[in-house]
Amino acid sequence: MSAVMREANAPGRLGRWSLTVAGWLVYAFLYVPLIIVILYSFNADSINAWPIHHWSFGAYNTLANDADLTQSIKNSLYVSVIAVSIAVILGTAAALGFNRLRIPGKELFSFAVILPIVLPGIVTGIAMLTLFTDLNYNLSLTTIIAGHVTFCIVLVFNSVRARLARVPAQMAEAARDLGAGPFRTFWHVTLPSIRTAVISGTLLAFTLSFDEVVVSFFLAGRENTLPLEIWSRLRRSTITPEINAAATLLIAVSVVLVGAARFLVREEE
Amino acid sequence: MSVSTYMNAEAPSVELRGVSKRFGSVSAVDDVSLTVRKGEFLTLLGPSGCGKTTSLRIVAGFERPSGGTIHIDGQAVTALPPNKRNVNTVFQNYALFPHMNLAENVGFGLRMKRLGRADIERRVDEAMALVRLEGLGKRKPTQLSGGQQQRVALARALVNRPAVLLLDEPLGALDLKLRRAMQFELRHLNQSVGITFIYVTHDQEEALTMSDRIAVMSGGRILQIGTAQEIYEAPATRFVADFIGESNFLEGTISDWENGVATVDVAGAGAIRARCVDRIATGIPVSVALRPERIIIEPSEQPAAGVGAGENVVRGRLLEAVYAGSTLQYAVSLGDAAQLIVRSPNLGQAAGVGNDVSLRWSIADCSVLVA
Ligand SMILES: Nc1ncnc2c1ncn2[C@@H]1O[C@H](COP(=O)(O)OP(=O)(O)OP(=O)(O)O)[C@@H](O)[C@H]1O
Ligand SMILES: [Mg+2]
């Protein structure tokens, strides 16, 4: 009896084992490169080689004194903050409007808003570059911002739309019933009910915008964003410790923002 | 100012004239006219989907009627948004604000009226005490049971002291005991504060015990409106007779009419006399509605003692007797064509199944309904 059970269990145990191993391999595949980048950013030698013999914060010091690199970080912040701000307003407004829509073909409208993120960045990049060229508009950080707005809107729109779908229409009706006009209903009831969705959409949009390469590459003028600066340096030389330091900063910012977004969405449910 | 106040005091609290609401091809409310008096407790009663919620939503201002007009305290409000109407709603599914605690929920209306903080706090406390949730002001709605949420919804509406309170099945989620207590509380409130109540319920017992008047709805129309007694004793249609309480229906044709009493030929029962206000021509098919508890059942060998001129007497055979504690319920066949359900108080002796029995009831207890 017990022998039979053990036999029946054997493949199960093997299966569980192989699943566990596969799981760890996936994690390793995803995270080992990141960890290496982070570790190398603390390497005192200017050549990346394993094992690391001397640890230091030198790379971060170099980074802070590298005018082009710090300028590119400032540019990236500028682009992302402005692009995301515009996207938050437009994306939220679009989601609110969409939620009120009572027409056939509603889904088509939603698809039209989402399209920019479904399209490969290269298509968006070419399309917008064509547009700006036709308009004789000089490429600059402003054109990069325009490019980023397209996909940032989608993230905010999607996040807010999903939340609105779960907020009963009666919430706003109850506010009206209790004497609130349309504006105060929006301010006291609708906005608080989508607040965390707006914030989490914003954080995701910011993360995506901050390290975006493809669209930025097509639309950049003389000034570089951080990812473009790193990329152009790699074409000229090998990976230097200060690049690892910049990448580590990118990782840290992304982890914090994505984590915060997840936390907010989770808290609401 | 004083003139208009005086005029408004004369006006009905709520008046609907020829109100209709269509959703595409569905007629949710169909030509409803209704006058609700000041301070009245009016109940809309009817089966699911008959248009009760839609009617309330039209009064509240959430739905613009497809036709007709609405007046509140004599003022035409048909085109006014909900926030401009002196009306508050207790929603069927509570609709509490999830991001506000209970005190903030209840105080929302007062905040919108820009009352002072101290006033708001005092009135919120009063309202919370009224629905027996004192001390829970800091809780969030998600931390409450369904019944508690319902009471918060009630407090949130009541605290504003509106002219009219609209309640959409406000006690649906409560257990029986709390439900009884809240029914009493609501009725008391209606009588003491003088707020007009328009109350929606599925529950006919609740409607009968609480209301000044009941409007029975079906298919978007009001079939009958009257006091509990009027509706129960003199249902206007077969639907009303069937929906409120239980009723027997004897099918027959009119053979005579005199002074508000019709004689109806019923197969198996002979000539039955029943109340019938309007004259109906001979030969018209009708039903006679008769409540089971109004019939007196006796063994037929007994001489029908004291059969008055005002009574109907028929003979039948007892098919079935059901013991139901305080009452006994009998099924009696009158020939092959007709059957009557009889409910009598349990006096210790049940009639024997299979025996012939004699049934009698007062003419005033049965009424003629045109089929
Ligand atoms: N927004 C709407 N769109 C389309 N049809 C609707 C809408 N609201 C109500 N209806 C329809 O109108 C009719 C009346 O609905 P209503 O909600 O008033 O019924 P009710 O009497 O309140 O029922 P219940 O007792 O189940 O709450 C129903 O047939 C319903 O399907
Ligand atoms: Mg309803």
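This one's a predicted model, so the numbers in the text were calculated from it and none came from an experiment.

Some details on the coordination of the magnesium ion (ligand 2)
Part 1 of the argument: Protein coordination at the magnesium ion (ligand 2) comes from Thr53 of chain B (OG1) and Gln92 of chain B (OE1), with a distance range of 1.8 to 2.7 Å. One end of the pair, threonine 53 of chain B, is in helix 2 (residues 52-60); the other, glutamine 92 of chain B, is in the loop between strand 6 (87-90) and helix 3 (102-112), with 39 residues separating them in the sequence.

Quick word on the site of ligand 1
Residues and elements named next belong to chain B.
Part 1 of the argument: Near ligand 1 there are 13 residues, and of these Ser48, Gly49, Lys52, Thr53 and Thr54 occur at the shortest range.
Part 2 of the argument: In this structure, an oxygen atom belonging to ligand 1 sits 2.5 Å away from a side-chain N or O atom of serine 48.
Part 3 of the argument: One of the backbone nitrogen or oxygen atoms of cysteine 50 is found 3.2 Å away from an oxygen atom of ligand 1.
Part 4 of the argument: Protein burial of ligand 1: of its 640 Å² of free accessible surface, 62% is covered by the chains.
Part 5 of the argument: For the shell around ligand 1, the secondary structure elements donating two or more residues are strand 2 (26-36) and helix 2.
Part 6 of the argument: A total of three residues in the shell around ligand 1 trace back to one element, the largest contributor, which is helix 2.

A word on the packing of helix 3 (residues 67-100) of chain A against helix 8 (residues 182-210) of chain A
Residue and element names in this part refer to chain A.
Part 1 of the argument: Interaxial distance between helix 3 and helix 8 falls to 9 Å at its minimum, and their mutual angle equals 140°. Our classification of the angle between helix 3 and helix 8 gives oblique. The two elements helix 3 and helix 8 meet at a crossing, and its hand is right-handed. Counted together, Ser76, Leu77, Ser80, Val81, Val84, Val88, Thr92 and Leu96 of helix 3 and Phe186, Thr190, Ile194, Val198, Thr202, Ala205, Phe206, Ser209 and Phe210 of helix 8 form the full contact between these two elements.

Section: empty space enclosed by the protein
One way to see where empty space is left: roll a probe the size of a water molecule over the atoms.
Residue and element names in this part refer to chain B.
Part 1 of the argument: Inspection of every chain in the model, using the stated rule, returns three cavities of 30 Å³ or more.
Part 2 of the argument: Taken together, Tyr232, Glu233, Pro235, Ser247, Ala289, Leu290, Arg291, Arg294, Ala364, Asp365 and Ser367 make up the full set of residues lining the largest cavity.
Part 3 of the argument: Elements represented by at least two residues in the lining of the largest cavity include exactly helix 8 (228-233) and strand 14 (285-290).
Part 4 of the argument: Residue composition of the lining of the largest cavity, grouped by class: five nonpolar, two polar and four charged.

Focus: the domain arrangement of chain B
Residues and elements named next belong to chain B.
Part 1 of the argument: Domain parsing of chain B yields domain 1 (3-242) and domain 2 (248-370).
Part 2 of the argument: If you average the C-alpha positions of domain 1 and of domain 2, the two centres end up 40 Å apart.
Part 3 of the argument: Counting residues at the interface gives ten residues for domain 1 and ten residues for domain 2.
Part 4 of the argument: Here domain 1 meets domain 2 over a buried area of about 850 Å², counting both sides, of which 41% is carbon and sulfur.
Part 5 of the argument: Considering only the side of domain 1, the residues that lose the most area to domain 2 are Tyr232, Glu233 and Arg238, jointly responsible for 63% of the buried surface there.
Part 6 of the argument: The shortest N-O distance in the salt bridge between glutamate 251 and arginine 238 comes to 2.7 Å.
Part 7 of the argument: Across the domain 1-domain 2 interface, the total number found is six residue pairs in polar contact (both at pLDDT 80 or more).
Part 8 of the argument: Elements supplying a minimum of two residues to the side of domain 1 that touches domain 2: helix 8 and helix 9 (238-243).

Focus on the confidence of the model for chain B
Residues and elements named next belong to chain B.
Part 1 of the argument: For chain B, per-residue confidence averages 88 on the pLDDT scale, and residues scoring 70 or more make up 95% of the total.
Part 2 of the argument: Segment residues 1-7 is flagged for pLDDT under 50; beyond a separation of four residues in sequence, or across chains, it makes zero contacts in the model.
Part 3 of the argument: The complex model carries a pTM of 0.78, and its ipTM stands at 0.79.

Focus: the packing of aromatic side chains
Part 1 of the argument: Enumeration according to the criterion identifies 15 aromatic pairs over all chains in this entry.
Part 2 of the argument: Taken together through their ring pairs, the aromatic side chains of Trp24, Tyr27 and Tyr31 of chain A make up a single cluster.
Part 3 of the argument: Between arginine 156 of chain B and the ring centre of phenylalanine 97 of chain B, over which it is positioned, the NZ or CZ distance is 4.8 Å.
Part 4 of the argument: Lying across the ring of tyrosine 232 of chain B, arginine 291 of chain B places its NZ or CZ 3.9 Å from the centre.

Focus on the sheet that holds strand 7 (residues 164-168) of chain B
Residues and elements named next belong to chain B.
Part 1 of the argument: Spatially, 6-7-8-3-9-10 is the arrangement adopted by the six strands of the open sheet, whose pairing is mixed. Each having just a single partner strand, strand 6 and strand 10 (221-226) make up the two edges of the open sheet. When strand polarity is set aside, the average angle formed by the axes of neighbouring strands in this sheet is 20°.
Part 2 of the argument: Two elements, strand 6 and strand 7, share four bridges in a ladder whose sense is parallel. Paired with threonine 89 across the two strands is leucine 166, which belongs to strand 7.

Overview of the packing of helix 3 of chain A against helix 10 (residues 226-236) of chain A
All names here are of chain A.
Part 1 of the argument: At a minimum axis distance of 7 Å, the contact between helix 3 and helix 10 shows a crossing angle of 145°. Counted together, Asp68, Leu69, Ser72, Ile73 and Ser76 of helix 3 and Leu226, Pro227, Glu229 and Arg233 of helix 10 form the full contact between these two elements.
Part 2 of the argument: For the contact of helix 3 with helix 10, the per-class residue count stands at four nonpolar, two polar and three charged.

A closer look at the interface of chain B and chain A
Part 1 of the argument: Of the residues lining the interface, 24 residues belong to chain B; the matching set on chain A comes to 15 residues.
Part 2 of the argument: Between chain B and chain A lies a buried interface of about 1800 Å² when both sides are counted; carbon and sulfur atoms form 58% of it.
Part 3 of the argument: Summed over the shared surface of chain B and chain A, the result is one salt bridge.
Part 4 of the argument: Salt-bridge contacts for glutamate 173 of chain A lead to arginine 57 of chain B; the nearest nitrogen and oxygen are separated by 2.7 Å.

Remarks on the layout of surface pockets
Residue and element names in this part refer to chain A.
Part 1 of the argument: The calculated volume of the largest pocket comes to roughly 810 Å³.
Part 2 of the argument: Breaking the lining of the largest pocket down by element, the ones donating at least two residues are helix 3, helix 7 (170-177) and helix 8.
Part 3 of the argument: Counting residues per element, the lining of the largest pocket draws most heavily on helix 8, which supplies six residues.
Part 4 of the argument: Its residues assigned to classes, the lining of the largest pocket comprises 13 nonpolar, five polar and five charged.

Describing the sheet that holds strand 17 (residues 327-334) of chain B
All names here are of chain B.
Part 1 of the argument: The strand order across the open sheet built from five strands is 15-19-16-17-18, with neighbouring strands paired in antiparallel fashion. Of all strands in the sheet, those bounded by a partner on one side alone are strand 15 (296-299) and strand 18 (338-345). Neighbour-to-neighbour, the strand axes of this sheet turn through a mean angle of 40°, independent of strand direction.
Part 2 of the argument: Pairing analysis gives seven bridges linking strand 16 (residues 311-324) to strand 17, with the strands arranged antiparallel. Looking at strand 17, one finds that alanine 324 is bridged to threonine 327.

What counts, and at which threshold
- Residues numbered from 1 in each chain as written.
- Chains lettered and ligands numbered in written order.
- Predicted model: local features only at pLDDT ≥ 70, side-chain atom pairs only at ≥ 80, totals over all residues.
- Heavy atoms only, no water.
- Donors = N, O, S within 2.8 Å, 3.2 Å for Na, K, Ca; no water.
- Helix = DSSP H or I, 4+ residues; strand = E, 2+ residues; numbered from the N terminus.
- Near = heavy atom within 4 Å.
- Polar contact = N/O pair within 3.5 Å; in protein donor to acceptor, adjacent residues only side chain to side chain.
- Areas by Shrake-Rupley, 256 points an atom, 1.4 Å probe, with all protein chains shown as cover.
- Axes fitted to C-alpha atoms, helices over the stretch in contact; angles between N-to-C directions.
- Parallel < 35°, antiparallel > 145°, perpendicular 65-115°, else oblique.
- Left-handed = near helix turned anticlockwise from the far one by under 90°.
- Contact = heavy atoms within 4.5 Å.
- 1 Å grid on protein atoms, 1.4 Å probe; cavity = no way out; pocket = protein on both sides within 12 Å on 5 of 7 lines; lining within 4 Å.
- Points joined across faces, edges and corners; volume = space filled by probe spheres on them.
- Nonpolar A, V, L, I, M, F, W, Y, C, P; charged D, E, K, R; others polar.
- Domains from an automatic or database assignment.
- Buried area = accessible area lost by both parts, 1.4 Å probe.
- Salt bridge = Lys/Arg side-chain N within 4 Å of Asp/Glu carboxyl O.
- pLDDT = per-residue confidence, 0-100.
- Phe/Tyr/Trp six-rings, centres within 6.5 Å; stacked < 30°, edge-to-face > 60°.
- Lys NZ or Arg CZ within 6 Å of the ring centre and 35° of its normal.
- Pairing = 2+ DSSP bridges.

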